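# Overview (structure and organization)
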Amino acid sequence: MPHARLTLDPDFTVGPVPRRLFGSFAEHMGRCVYTGIFEPDHPTADADGLRQDVLELTREVGPTVVRYPGGNFVSGYDWEDGVGPRDARPRRLDRAWRTVETNQFGLDEFATWAEKVGTEVMMAVNLGTRGVQEACDLLEYANHASGTRLSDLRRSHGRPDPYGISLWCLGNEMDGPWQTGHKTAHEYGRLAAETARAMRQVDPTVELVACGSSSRAMPTFGEWERVVLEHCYDQVDFVSAHAYYEEKDPAAGGGDDTFGDFLASAKDMDAFIEEVVATADAVRARGRHSKRIGISFDEWNVWYQTRWQTSDRANARTAWDVAPRVIEDEYTVTDAVVVGTLLNSLLRHGDRVAVGCQAQLVNVIGLLRSEEGGPAWKQTIAHPFEQMRRRATGEILDVRTTGDQVSTQRFDDVDLVDAAATWDAGARLGDSGEGVLTLFLANRSQDEAADVEVPLRAFSGELRVADARVLAAGEGQDRHTANTLQAPDAVGLRPLREVSVADGTARATLPPLSWAVVQLASARG
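Worth saying up front: this structure is predicted, and the values here are computed from it rather than measured.

Turning our attention to helix H5 (residues 185-202). Taking 1.5 Å of rise per residue, 18 residues should cover 26 Å, and H5 covers 26 Å from first to last C-alpha, within 8% of that figure. Residues of H5 that are buried include every one of Ala185, Tyr188, Gly189, Leu191, Ala192, Ala193, Thr195, Ala196, Ala198 and Met199, and no others. Summarising the contacts, the buried residues of H5 are in contact with strand S7 (120-125), helix H3 (132-143), strand S8 (167-170), strand S9 (207-210) and helix H6 (223-232).

In structure tokens, the structure reads:
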């Protein structure tokens, strides 16, 4: 049986858990907005046309911030098209996803939805086909109280109070040749700096995200970040990172160990984060800047991109239509375990990753799925996301793992047990005393259970098992089992029985290919 020993101490922390780490993303793409978030004719729709079933599931999953409206979409988007009377809004071609955008949903509707969910808005501006003035106009419309043309326009649209949006993305994936208005690093860096300066003149409180690399595999990765930040380091707060992972088909050239590579995806995310941090800190040192740049990892997920890249829509062989089904990946037990390890990676780097946005919220590679006129449900990947969002509080612990490792086609020294942990000295669970240790664990072995050992000698007082849950294939299921329209609750979390504390050590046995959360609480003194 694979074995792992976790060494941790409440005095050795990474930093506080950043609440924005547990965000999501809603793009005008496929059915994320239309028939996902917004469907006025749905039986559950409220007076604003928002689906109440999706709203309730979103509240349960609980993204703390949601990025909007793109994504590739934003690089050709005129925000003015999506405000004001709906019957006067124009229909436009969306070049990014080869669809027709009706503009029946825009900033005002999204802000209303976010208020009902109880989440923060992260707004992106178009730096593809537009620039400094249009970004400032949008900011003025959103955040200025009154007394100007654009703030009074918002008031005339039924929103007397400003939205107070703090977090803004300066464009999207401008390093990508696929992006409308794609730029070189020098071109984008200068535009980002100019836009940031002007936006801070409108609202000095805004927090700004510069575009980093759209993938660690981009040929410009590293150099892009260096050049961009040399232009705009003092004007921005964060640099973005985007990453998607998939289990590739060996028959399609994926290699002999695509499954092992996929399960080790978090190794790539770890390296991505650490390399961006190293680049940003080198720019800081060279420029003698005082502040440190954070990372906004504002697109990440499992996405079977190979399927999309060979699709008719991706290759301009479809009609221009409204809200088609696009990349509605159906997530399995395996995908959920990998997403759990990606969450672990983000948490482990919470000292520098200040924002995280899983992409996307509903239907389009979504945490949630919905059917037009029909039900909505949680995909398998929603469960680790929800559990970490609920339970990761207090301080992130510096976890050192020793134990069994494997090598895959791409990665060496992959821990069979992937781990992250938090310690909340002031938290209570039920009638416990103060102090909760939360372990987030994944067993990457497909066919063997894994034994985990956690010495607790560094924690004062007695810790007891308060709760333990696991996501894994159940009886009659396998690693490909998914939550579907016909079986929306097939995969979820169940009690993890094999957990104990004895002689100052916690022990757990993880089923094969699983992700678990274990909470140990202080005994009442």
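This part takes up the pattern of salt bridges. Following the criterion strictly, the structure yields 45 salt bridges and no others. As a salt-bridge pair, Arg216 and Glu275 come within 2.8 Å of each other at their nearest N and O atoms. Of this pair, Arg216 sits in the loop between S9 and H6 while Glu275 sits in helix H8 (residues 265-287), and the two are 59 residues apart along the sequence. A relative accessible area of 27% means that Arg216 is categorised as partly exposed. Residue Glu275 is classed as partly exposed on the basis of its relative accessible area of 29%. Put simply, Glu462 and Arg464 hold a salt bridge, and the shortest N to O gap is 3.3 Å. Relative accessible area serves as the criterion here: at 47%, Glu462 is assigned to the partly exposed category.

Counting residues in hydrophobic clusters, the biggest one holds 124 residues, and the most contacted among them are Trp113, Trp168, Leu170, Tyr188 and Phe297. It is helix H10 (residues 333-348) that provides the largest number of residues to this core, a total of nine residues. Dropping the residues within four chain positions of it, Tyr188 is found in contact with Leu127, Leu170, Met174, Lys183, Val209, Ala210, Cys211, Trp224 and Val228. If you look at the next biggest cluster of nonpolar residues, it comprises 28 residues, including Ala450, Ala506, Ala516 and Leu520.

Attention now goes to the sheet that holds strand S16 (residues 400-403). One open sheet holds the five strands; their spatial order is S16-S1-S21-S25-S24, and the pairing between them is mixed. This sheet does not close on itself; its edge strands, each paired only once, are S16 and strand S24 (499-502). Across this sheet, the average inter-strand angle for adjacent strands is 20 degrees, counted without regard to direction.

Running from amino to carboxyl end, helix H1 (residues 52-61) crosses helix H2 (residues 107-117) at an angle of 55 degrees, the nearest separation of the two axes being 9 Å. For the element pair H1 / H2, the angle class is oblique. The two elements H1 and H2 cross, and the hand of that crossing is right-handed. Of the residues in H2, those in contact with Leu55, Thr58 and Arg59 of H1 are Trp113, Lys116 and Val117. Tallied by class, the residues present in the contact of H1 with H2 amount to three nonpolar, one polar and two charged.

What counts and what doesn't
Residues numbered from 1 in each chain as written. Predicted model: local features only at pLDDT ≥ 70, side-chain atom pairs only at ≥ 80, totals over all residues. Heavy atoms only, no water. Helix = DSSP H or I, 4+ residues; strand = E, 2+ residues; numbered from the N terminus. Expected span 1.5 Å × (residues − 1). Buried < 20%, exposed > 50% of the residue type's maximum accessible area, 1.4 Å probe, protein only. Contact = heavy atoms within 4.5 Å. Salt bridge = Lys/Arg side-chain N within 4 Å of Asp/Glu carboxyl O. Core = buried A, V, L, I, M, F, W, Y, C linked by side-chain atoms within 4.5 Å. Pairing = 2+ DSSP bridges. Axes fitted to C-alpha atoms, helices over the stretch in contact; angles between N-to-C directions. Parallel < 35°, antiparallel > 145°, perpendicular 65-115°, else oblique. Left-handed = near helix turned anticlockwise from the far one by under 90°. Nonpolar A, V, L, I, M, F, W, Y, C, P; charged D, E, K, R; others polar.

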